[in-house]
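Analysis of the macromolecular model
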Amino acid sequence: MVSAGPFLLDLSLQGRRVVAVGGGAVTARRVRDLLAEGAAIEVVAPTVVAELADLAAAGHVVWTRRRYAGAHDLDGAFLVHTATGDPATDRAVAEDAEARHTFCVNAGDATTGSAQVPARAEVPTPAGDVRVAVHAGGDPRRAATIRNSLVDHLTSGIVDLRGRRPTGGWVALVGAGPGDERLLTRRAATLLAAADVVVTDRLVPQALLARLPESTRVVDVGKSPRHHPVPQGEINRILVEEALRGRGVVRLKGGDPYVLGRGGEERAACEAVGVKVEVVPGVTSAVSVPAAAGIPVTHRGLARGFTVVTGHDELPGLPTGTDHTLVVLMGVGSLRETAAGLVQAGRPSTCPVGIVENGWTPQQRVTLGTLADIADRAERVGVASPAVVVVGDVVTLAHGWAGAARGSAGAVA
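In this report, we go over the structure that sits alongside the text. Along each chain, the written sequence defines residue order, and numbers are assigned to residues from 1. For this predicted model, a pLDDT threshold of at least 70 governs which residues receive local features, and a threshold of 80 or more governs which side-chain atom pairs are given and counted, while totals over whole chains, interfaces and linings are taken from all residues. Think of the side-chain values as coming from all heavy atoms in the structure, minus any hydrogens and water.

**What about helix α7 (residues 232-244)?**
To keep it simple, the criterion reads: In this description a helix means any DSSP run of H or I spanning at least four residues, a strand means any run of E spanning at least two, and both kinds are numbered starting from the N terminus. Every helix has an expected span of 1.5 Å times one less than the residues it contains. Accessible area is worked out with a 1.4 Å probe on protein chains only. A residue is then buried under 20% of its type maximum, exposed over 50%, and partly exposed in between. Should any heavy atoms of two residues lie within 4.5 Å, those residues are counted as being in contact.
The end-to-end C-alpha distance of α7, which contains 13 residues, comes to 18 Å, matching closely the 18 Å that a straight helix rising 1.5 Å per residue would cover. Of all the residues in α7, the buried ones are Gln232, Ile235, Asn236, Ile238, Leu239, Val240, Glu242 and Ala243. The inward-facing, buried residues of α7 abut β8 (170-175), β9 (197-200), β10 (217-220), β11 (248-253) and α8 (263-271). One or two steps after α7, the chain reaches Gly246, where phi turns positive at roughly 90°.

**Here we look at the nonpolar core**
The following threshold applies: By nonpolar core we mean a set of buried residues, namely Ala, Val, Leu, Ile, Met, Phe, Trp, Tyr and Cys, connected to one another through side-chain atoms within 4.5 Å.
Val174, Val198, Val250 and Leu252 are the most contacted members of the largest nonpolar core, which has 31 residues in total. At the level of secondary structure, the elements contributing two or more residues to this core comprise β6 (119-123), β7 (130-134), α4 (140-154), β8, α5 (186-194), α6 (206-210) and β11. Broken down by element, this core gets its largest block of residues, six residues, from α5. Dropping the residues within four chain positions of it, Val198 is found in contact with Leu192, Leu209, Leu212, Thr216, Arg217, Val218, Val219, Val250 and Leu252.

**Observations regarding the pattern of salt bridges**
Selection criterion: Definition used for salt bridges: Asp or Glu carboxyl oxygen within 4 Å of a side-chain nitrogen of Lys or Arg.
Throughout the structure, instances matching the rule amount to 30 salt bridges. Two residues, Arg217 and Glu242, come together in a salt bridge whose shortest N-O distance is 2.4 Å. With a gap of 25 residues between them, Arg217 in strand β10 and Glu242 in helix α7 connect regions that are remote in the sequence. Given a relative accessible area of 37%, Arg217 falls into the partly exposed group. With a relative accessible area of 5%, Glu242 lands in the buried category.

So this is what it looks like as structure tokens:
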């Protein structure tokens, strides 16, 4: 006869009695997992570790302060876990559980128990959590390694995680980062793989969209300077209507949805009609794009703080010292006015300025200068959006600053 392995089964322990014999770290770890499943737990042990004592004091578990006294300790239990450190006691608990037809996990010797705990993990998705459980021939380290690999695969964005049963619509406002798909977060990749509809803009890495399942609908609402073919109100309507139809919707935005990205308005529009919303931060271009050119927004001895503004609006009152970094998003069209306004407000005309176009992409280009000449230099080389403008002493740390300071054309590949 072929030796049979364990039968894998997802059990509900909600409200069901579980007895844990032993009060050490192994029991504490298992009790933590069982509480998360809603089990009603009694710990039988003369002494317990601090975590178990705290749980008992808070009323989350019942602690019977004595040694295991026999089969009656298991009365009414659906599951027993024993980890006393004493093989004879653990074996007796397992035998008593078997006589009562109650499943038992013997942490000290899996061969004498009737149940085993797999290496487990959960991947949360709006359509329901995906659970992974791995048995590996009694080798827990091997099982954990395989589990970790499976979780990496499930959160990579290449596995279709969409629900196949109606679970209600949802919206996720997801930041795609500054332009390199490798800077996407794991959570963002997971939600993209679970979405029925992706509402995207022009700054999103196209490789992300190319990997979506063919049946995922992509709605392009991309805006460019002075050209908004889909106004914000219409974008809000699309998100709401798709979610109310029971679909999972990802609003995929370049950078971070909450950094000059109208994400707060989109969230408010969804919540106003009861649509649940998740926000996934992205790597904001305000910090990452300057970094791609070697420019930190703060640096000891050069800048202790920074301000992020949009070039679409009139600049607010800002610190005038060159030791405070100013980052301007969407500021190419108003560059000349911005530079003049900063000088008029008190910044020296010699203050360094850097413009980083298409950050984190093969087309990245950096133009360097000062408030006095940056507009002319940008015009000469044809600077265009998307670009981030950085003003302040930190620009002197940019790759190629030495050449710009000597009066070169100012454009650095």
